[in-house]
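Close look at the chain arrangement
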Amino acid sequence: YLETIDLSNNNLTDFSILPGQLYNLRELNLSNNPDLETISAETLYENCKKLRKIRLTNTKLAEDLSLGAAAYANGLNEPQKLLLQIKKGLDSRNKG
């Protein structure tokens, strides 16, 4: 089972998964994708209960949602909280 995904430095603009694909995922690294502005936060939150690390440094998503140092620190230790914060930010952005 896939437990780690490192997609850093890949010029991604979007990261999406289908429900059930990454149940065993423990680490997700999306850092250094400066144009990354969308991830499927709700799907990750609902389907990746084993997720323990998520990295979003140097991404447009983190920049647009003003995810500061505290969010990154929480994200590395508590990715579920970070995913909820991202989902809320994306929901707000999409309403405007």
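Look up: the structure comes first, before these words.
Residues numbered from 1 in each chain as written. Predicted model: local features only at pLDDT ≥ 70, side-chain atom pairs only at ≥ 80, totals over all residues. Heavy atoms only, no water.

The next point concerns the side chain of Ser8. Within the secondary structure, Ser8 is located in the loop between strand S1 (4–6) and strand S2 (14–15). At a separation of 2.6 Å, a polar atom in the side chain of Ser8 contacts the side chain of Asp6. Excluding its chain neighbours within four sequence positions, the residues that come into contact with Ser8 are Asn29, Leu30, Ser31 and Asn33. (Helix = DSSP H or I, 4+ residues; strand = E, 2+ residues; numbered from the N terminus. Polar contact = N/O pair within 3.5 Å; in protein donor to acceptor, adjacent residues only side chain to side chain. Contact = heavy atoms within 4.5 Å.)

Right, let's talk about unusual backbone geometry for a bit. Residue Asn32 is not a glycine yet carries a positive backbone phi of 60°. Structurally, Asn32 can be placed in the loop between strand S3 (27–29) and strand S4 (38–39). The class of Asn32 is partly exposed, set by a relative accessible area of 32%. With phi around 55°, Asn58 is a residue other than glycine that occupies positive phi space. The class for Asn58 is partly exposed, based on a relative accessible area of 47%. (Buried < 20%, exposed > 50% of the residue type's maximum accessible area, 1.4 Å probe, protein only.)

Remember that the coordinates give geometry; whether it matters functionally is a separate question.
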